[in-house]
Amino acid sequence: MVNYIWVFMTIIGVVFALINGTMAEVNKAIFDGAKEAVTLCIGLISVLVFWLGIMRIAEESGLLKSLTKLFRPLVKRLFPEVPPNHPAMGYILSNMISNMFGLGNAATPLGIKAMEELQKLNGGINSASRSMVTFLAINTASITIIPTTVIAIRMTYHSASPTEIVVPTIIATIISAAGAIVIDRYFYYRRSRKG
Amino acid sequence: MQLISVISLTFIPLLIGFILLYGTFKQVPTYESFVEGGKEGIKIAVSIIPFLVGMMVSISIFRASGALDALMKWIRPLMNAMGVPAEIVPLLIIRPISGTAALGMTSDLIAVYGPDTFIGRLASVLQGSTDTTFYVLTVYFGAVGIKKMGDALKVGLLADVFGIIVAIIVVAFVFGTK
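Model, not experiment: these values are computed from the prediction.

Engineer: Mind laying out the overall build of chain A, listing which residues take part and the relevant values?
Structural biologist: From N to C terminus, chain A includes eight helices and zero strands. Starting at the N terminus and ending at the C terminus, chain A contains elements arranged as α-α-α-α-α-α-α-α. A compact globule built from 195 residues should have a C-alpha radius of gyration of about 16 Å, whereas chain A, at 22 Å, is more than 25% larger. Structurally, chain A occupies a C-alpha span of about 65 × 45 × 30 Å along its principal axes. When burial is assessed residue by residue, chain A has 51% of its 195 residues classed as buried. Look at the contacts in chain A between residues 6 or more apart in sequence, and 58% of them connect residues 24 or more apart. Of the roughly 9,100 Å² of accessible surface on chain A, 67% is carried by carbon and sulfur atoms.

Dropping the structure here:
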């Protein structure tokens, strides 16, 4: 899908430029856009290196593991079909904690492990189980504590206060995750009423 | 609202201090771990360059040609009626589909309108508080061979719409709409 949107925007732009006579601007935009993107990525290096370095310490000191324990009672209630001591629960928790700290690269493999364990509980059929739908609803709502990349972008463009969006982001993300859980529950009860 | 800014400002330094103290207490070789983890950051930053170049060039063409202005003129009344700035509509469309494309658009919005404007802040919060639903569904269901996603797509997309509304309200409430 992203392929179509990408081609669509470019082609429409070029056609529009033909009609509007804005070809000179478009020519400039091609090279400016590319340059801007590379400059931005170089700006991102500083924050990404620092944050992932700090997070490595949190991981090796067992801090992430302790957080996992802390959240276990809450998460148990979200997945009533998963036995509390099943390995799926551990992977679900680790995936959520990694996501919270902006460790997308660590979160994805853990999420896939969680799905594999949930699939074992699902008895190997090829349609999604209730727990899987809940897990993905929470995942797409993406609970974030530190939006590292966004802070880096705001720094690059000289924000007076790059981190001022941290608390609003946390508030928004918590409300939308709660909303995702409610929506998920609604669809579950609708399904079970239909039988 | 002053309080929220103060918490935002102190949160990261305090968290860093806590992680460093905890690591020292648990006898982690802190500096060496930091360096090892940091190397990963370089890899990530470099690996997203092609994604951002592709998307930002495409948006630049779209905007420089005047096509974006035409689109804005067309949808602005509808969006304004809902309290959504028309400028962020392309971001809203791309957010559930591609994370890196959305990152490109967020950067573009912040670059053009400034990080400390309503649009800049809204783009920041949206980028941080939503995720790439299609990507998550494809990767996770694909990995375990689930063909029937059930309600997952509907739930994910509805949650996205809800998340967008929440982000707009929170940003307007905390910073105002200027």
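Engineer: Tell me about helix 4 (residues 87-100) of chain A, and name the residues and values.
Structural biologist: Taking 1.5 Å per residue as the helical rise, helix 4 of chain A with its 14 residues ought to reach 20 Å, and the 20 Å between its terminal C-alpha atoms agrees with that figure. Of all 14 residues in helix 4 of chain A, 10 are buried; the element is thus mostly enclosed.

Engineer: Help me get a handle on the interface of chain A and chain B, residues and values and all.
Structural biologist: Listed by partner, the interface residues are 100 residues for chain A and 95 residues for chain B. In total, about 8,000 Å² of surface goes out of reach between chain A and chain B, with carbon and sulfur atoms giving 79% of it. The largest contributions to the chain A side of the interface with chain B come from M9, I57 and T140 of chain A, which together make up 9% of the buried area. There are four salt bridges connecting chain A and chain B. Between E164 of chain A and R121 of chain B there is a salt bridge, and its shortest N-O distance comes to 2.7 Å.

Engineer: Go over the nonpolar core, please, and point to the residues and values.
Structural biologist: Counting residues in each nonpolar core, the largest one holds 64 residues, and the members touching the most others are W51, M55 and F101 of chain A together with I19 and L122 of chain B. In terms of residue count, helix 9 (residues 152-175) of chain B provides more of this core than any other element does, eight residues in total. By size, the runner-up hydrophobic cluster in this structure holds 33 residues, among which are M115, V133, L136 and A141 of chain A.

Engineer: I'd like a rundown of the packing of helix 3 (residues 49-64) of chain B against helix 6 (residues 99-113) of chain B, residues and numbers included.
Structural biologist: Residues and elements named next belong to chain B. Contact geometry for helix 3 and helix 6: axes closest at 8 Å, N-to-C directions at 50°. One way to sum up the angle between helix 3 and helix 6 is to call them oblique. Considering the relative orientation of helix 3 and helix 6, their crossing is right-handed. For the pair helix 3 and helix 6, the contacting residues are F51, L52, M55, M56, I59 and R63 in the first and T100, A101, L103, G104, M105, S107, D108 and V112 in the second.

Engineer: Please set out helix 3 (residues 63-78) of chain A residue by residue, giving values where relevant.
Structural biologist: Note: α-helices contain 3.6 residues per turn, so residues at a spacing of three or four share the same orientation. Residue and element names in this part refer to chain A. The terminal C-alpha atoms of helix 3 lie 23 Å apart, and with 16 residues this matches the ideal 22 Å at 1.5 Å per residue to within 8%. If you look at helix 3, its biggest bend is around 50°, right at R72, and the proline P73 turns up within four residues after that. Taken together, the buried positions of helix 3 are L63, L64, L67, T68, V75 and L78.

Engineer: Hey, could you go over the packing of aromatic side chains for me, with residue numbers and the actual values?
Structural biologist: How two aromatic rings sit relative to each other is given by the distance of their centres and the angle of their planes. Applying the stated criterion to the full structure yields five aromatic pairs over all chains. Seen in terms of ring centroids, F50 of chain A and F34 of chain B are 5.6 Å apart; in terms of plane orientation they differ by 65°. Their pairing is edge-to-face. Here F50 of chain A is found in helix 2 (residues 23-60), whereas its partner F34 of chain B is found in helix 2 (residues 30-47) on a different chain. Residue F50 of chain A is classed as partly exposed on the basis of its relative accessible area, which comes to 35%. F34 of chain B gets classed as buried once you look at its relative accessible area, which sits at 19%. Arranged with centres 5.5 Å apart and planes meeting at 80°, the rings of Y186 of chain A and F187 of chain A form a pair that is edge-to-face. A relative accessible area of 48% means that Y186 of chain A is categorised as partly exposed. Judged by its relative accessible area of 6%, F187 of chain A is buried. A cation over a ring is seen here: R130 of chain A above Y188 of chain A, with NZ or CZ 3.6 Å from the ring centre.

Cut-offs used in this document
- Residues numbered from 1 in each chain as written.
- Chains lettered and ligands numbered in written order.
- Predicted model: local features only at pLDDT ≥ 70, side-chain atom pairs only at ≥ 80, totals over all residues.
- Heavy atoms only, no water.
- Helix = DSSP H or I, 4+ residues; strand = E, 2+ residues; numbered from the N terminus.
- Rg over C-alpha atoms; globule rule 2.2 N^0.38 Å.
- Buried < 20%, exposed > 50% of the residue type's maximum accessible area, 1.4 Å probe, protein only.
- Contact = heavy atoms within 4.5 Å.
- Areas by Shrake-Rupley, 256 points an atom, 1.4 Å probe, with all protein chains shown as cover.
- Expected span 1.5 Å × (residues − 1).
- Buried area = accessible area lost by both parts, 1.4 Å probe.
- Salt bridge = Lys/Arg side-chain N within 4 Å of Asp/Glu carboxyl O.
- Core = buried A, V, L, I, M, F, W, Y, C linked by side-chain atoms within 4.5 Å.
- Axes fitted to C-alpha atoms, helices over the stretch in contact; angles between N-to-C directions.
- Parallel < 35°, antiparallel > 145°, perpendicular 65-115°, else oblique.
- Left-handed = near helix turned anticlockwise from the far one by under 90°.
- Bend = angle between axes of the 7 residues up to and from the residue.
- Phe/Tyr/Trp six-rings, centres within 6.5 Å; stacked < 30°, edge-to-face > 60°.
- Lys NZ or Arg CZ within 6 Å of the ring centre and 35° of its normal.

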